[in-house]
Amino acid sequence: MLAFVPFIVLILLLVCCISVFGNATLDGASQVSLIIASGVCVLIGWLMKRLRWDSLEKEITEKVASCTPSIIILLLIGAISGTWMVSGIVPTMIYYGMQVLHPQWFLVSSCVLCAIVSLLIGSSWTTVATIGVALMGIGKALGFSDGWIAGSIISGAYFGDKLSPLSDTTVLASSVVGTPLFTHIRYMMYTTIPAFFIALAIFFVEGLSMDVTGMGSVEMFTEGLGRTFHISPWLLLVPVAIGVMIARRWPSLVVLFLAVLIASVVALVCQPERVQEIAAMGRGQGRLALYEGIIRACYDSTGIATGVPVLDELVRTRGMGGMMPTIWLIICAQVFAGALTATGLLRDIMSYLLRLVRGTFSLVASTVMSGIFLNVTTADQFLSIILTSSMFKEEYRKRGYESRLLSRSCEDGGTVTSVLVPWNTCGLTQSTVLGVATITYLPYCFFNLLSPIVSMTVAALGWKIRKPVTNIR
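Quick caveat: nothing in here was measured; it's all calculated off a predicted structure. (Residues numbered from 1 in each chain as written. Predicted model: local features only at pLDDT ≥ 70, side-chain atom pairs only at ≥ 80, totals over all residues. Heavy atoms only, no water.)

> Could you give an account of the overall build of the protein chain, with specific residues and numbers?
What the protein chain contains, in helices and strands, is 24 helices and 0 strands. The globule rule puts the C-alpha radius of gyration for 473 residues at 23 Å, and the 23 Å found for the protein chain is close to it. Along the first, second and third principal axes, the C-alpha atoms of the protein chain reach 65 × 60 × 50 Å. Within the protein chain, buried positions represent 57% of all 473 residues. Taking contacts inside the protein chain between residues at least 6 apart in sequence as the whole, the part at least 24 apart equals 77%. Accessible area of the protein chain: about 19400 Å², with a carbon and sulfur share of 67%. Treating the 30 positive side-chain charges of the protein chain as one cloud and the 25 negative ones as another, the clouds have centres 13 Å apart. (Helix = DSSP H or I, 4+ residues; strand = E, 2+ residues; numbered from the N terminus. Rg over C-alpha atoms; globule rule 2.2 N^0.38 Å. Buried < 20%, exposed > 50% of the residue type's maximum accessible area, 1.4 Å probe, protein only. Contact = heavy atoms within 4.5 Å. Areas by Shrake-Rupley, 256 points an atom, 1.4 Å probe, with all protein chains shown as cover. Lys, Arg positive; Asp, Glu negative; His and termini not counted. Charge placed at Lys NZ, Arg CZ, Asp CG, Glu CD.)

> Which residues make up the nonpolar core, and what values go with them?
Grouped together as the largest cluster of nonpolar side chains are 142 residues, with contacts concentrated most on W84, I131 and F336. If you tally residues by element for this core, the top one is helix α17 (residues 324-343), at 11 residues. (Core = buried A, V, L, I, M, F, W, Y, C linked by side-chain atoms within 4.5 Å.)

> So, α17: which residues are in play, and what are the values?
Across its 20 residues, α17 extends 29 Å between first and last C-alpha, which sits within 8% of the 28 Å expected from 1.5 Å per residue. Most of α17 sits out of view: 15 of its 20 residues are buried. Taken from the residues just after α17, G344 is the one with a positive phi, measuring 80 degrees. (Expected span 1.5 Å × (residues − 1).)

> Explain the packing of helix α4 (residues 68-86) against helix α13 (residues 252-270) to me, using residue names and the numbers behind them.
It is at 9 Å that the axes of α4 and α13 come closest, and there the two elements cross at 25 degrees. One element, α4, and the other, α13, form an angle in the roughly parallel class. The element α4 and its partner α13 pack so that their crossing is left-handed. On α13, the residues touching I72, I73, L76, I77, A79, I80, T83, W84 and V86 of α4 are S252, L253, L256, F257, A259, V260, A263, S264 and A267. When its residues are assigned to classes, the contact of α4 with α13 shows 15 nonpolar, 3 polar and no charged. (Axes fitted to C-alpha atoms, helices over the stretch in contact; angles between N-to-C directions. Parallel < 35°, antiparallel > 145°, perpendicular 65-115°, else oblique. Left-handed = near helix turned anticlockwise from the far one by under 90°. Nonpolar A, V, L, I, M, F, W, Y, C, P; charged D, E, K, R; others polar.)

> Would you mind going over the packing of aromatic side chains in detail, with residue names and values included?
The full count for this structure, using the stated rule, is 16 aromatic pairs. When the centroid spacing of 3.9 Å and the interplanar angle of 15 degrees are considered together, the rings of F159 and F196 count as stacked. Taken together, the positions of F159 in helix α8 (residues 146-163) and F196 in helix α10 (residues 181-208) put the pair 37 residues apart, joining distant regions of the chain. Each member of the pair, F159 as well as F196, is classed as buried. Plain terms: the ring middles of F203 and F446 are 5.4 Å apart, the flat faces sit at 65 degrees to each other, and that makes the pair edge-to-face. Residue F203 is located in helix α10, and its partner F446 is located in helix α24 (residues 446-461); the two are separated by 243 residues in the primary sequence. (Phe/Tyr/Trp six-rings, centres within 6.5 Å; stacked < 30°, edge-to-face > 60°.)

> Describe the environment of L74, naming the residues involved and giving the relevant values.
Within the element layout of this structure, L74 appears in helix α4. Judged by its relative accessible area of 0%, L74 falls in the buried class. Sequence separation between L74 and L10 is 64 residues, and the spatial gap between their C-alpha atoms is 25 Å. With residues up to four places along the chain from it excluded, the contact list for L74 reads D168, M323, T326, I327 and I330.

> So what about the pattern of salt bridges? Which residues, and what values?
Across all of its chains, the model carries 8 salt bridges by this definition. The salt bridge involving D412 is made with K162; its shortest N-O contact spans 2.3 Å. Of this pair, D412 sits in helix α21 (residues 403-414) while K162 sits in helix α8, placing them 250 residues apart in sequence. Relative accessible area serves as the criterion here: at 0%, D412 is assigned to the buried category. For K162, a relative accessible area of 0% corresponds to the buried category. (Salt bridge = Lys/Arg side-chain N within 4 Å of Asp/Glu carboxyl O.)

> How would you explain the side chain of S390 if you had to name every residue and give the values?
When you line up the elements, S390 lands in helix α20 (residues 381-399). Ignoring anything within four residues of it in the chain, the contact list for S390 reads A337 and L346.

Shown next as C-alpha cells:
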C-alpha cells in the first residue's frame, strides 16, 4: 500500500487545485502538485527504504533529460502555430473547409471541419473554443440539441488533435515512450480512423433526420477570412509538401523546422500586411518591421483583427511562449515519474496491475483502462499519458512488443477520454467554452467513446500487431 501514497497525495492536491483554480490549473497549480508528490516519493525512498540520495537524484535527472526532444518539438510547434496562421495557410484551409458545410449534413460537416482545423493547428482546445463556438450557434439555429452539436465538435476536434504532428499530446505520447513521432501517428490510424468513420456514420444518419436551413454564420466567417487574408489554393501546396516529407519519413525535427521556415517565407510574400500588423505589437517601424513580425509570430502571442470577434480568437496564436506551461508540466511530470522509478514504487504498482496480464489483449486493455483511470483520478490527460507510459514501458519491452503499441494504447486511453471526465481539465474547459455540461455531451462524443473500444478490439484481433519473439533453444 505504500506505493499508492504518492498517488493519493497527488490526487488530493489536484482535487483542491481544480476546485480553487478551475481552468487555470495547468498554469502552475498542477506543476506544484507534481513537485510535492515527487517530494513524498523521494522521502519514502530516502527515509523508509534507505536508498542513497545520489541514486535518487541521478534517476530523476535522467528522466527529465529524456524529455528534451519533446521540449524542442513543442517549441517548434509553437513557432508553426504562429507562422502558419500569419502566412494564411491555416486560414485558407479553414476557408475551403467551411465550404463543405450543408444544412442536412451539419453534424458530419462540423465534425470533419473541426477534425481538419485541429489536425492543422494541433489543438483540440483552440478548435473547440473558436470554430466550435461558432458551430454551436449554427447548430442551435438549425434545431439540433446541444448534446449532438457538442458531440460532433468534440469528436472532430479530438480526432485531429490525436493525429496531428503539431499536437502536444501526440508529441508527448511518442516521446515519453520513445517512438518516432510519425511512426506513432501512422500506427494510430489503425484504431483512430475506424472509430472516426463509425462516429461519422452515426452523425450522418442523425443529420438526415433533421429538417434544417440557414448558413449565415458560416458566410460571416468566410467573408472575414477573405477580407483579412489573401486566400489562394496555391497556399495548400505548403501542407502538401509537409505531408510528402512526413510520408518519406524525414526526421520530425527537420520537418517541423522546414514547416516554420517555408511558412515564414510564404508570409512575407503573400501576407506582408498581416506581418506588419504583428510587428506593430512591438516597435513595428522601419525596414526591419517585416523581420520583427515574423520573429514575433514564432515566439509571441499574436492577434489579427478580422472584424469578427469569434474569428479573431481563431486566428490568435500563442507562439513558443504559449508552450511554456506544457513544457513546465512535462518537466514536473517527468520528475514525478523519475521519483516513482528511482524509489521502486512504480515497480510495486506494476506488480499489482500485471497480475491480470496474460496476453496481447489483456496487456493493451490494462494500458487503455489505466489511462482512463488516471484521467479520472489525476484529472489531467498529460499526467495520464506520462504515468501510463512509465508504468507499462518496461513490461512491453520485456514481452517483446513494439514501442508504438504502447504509445498508441496510451493515446487511445488517455487523450480522447479526458474530455469525458467532468472534473478533468479538458472536461472543465470544453463544457465551459461550449456552455454544455459534460454529462450532456458525453453520450454523443462517439469518437471519444469508441476509441478505447476499437483499440482493445484491434488488440484482441491482433491486427497489425507483431507477435513477441520467443527464444527457441
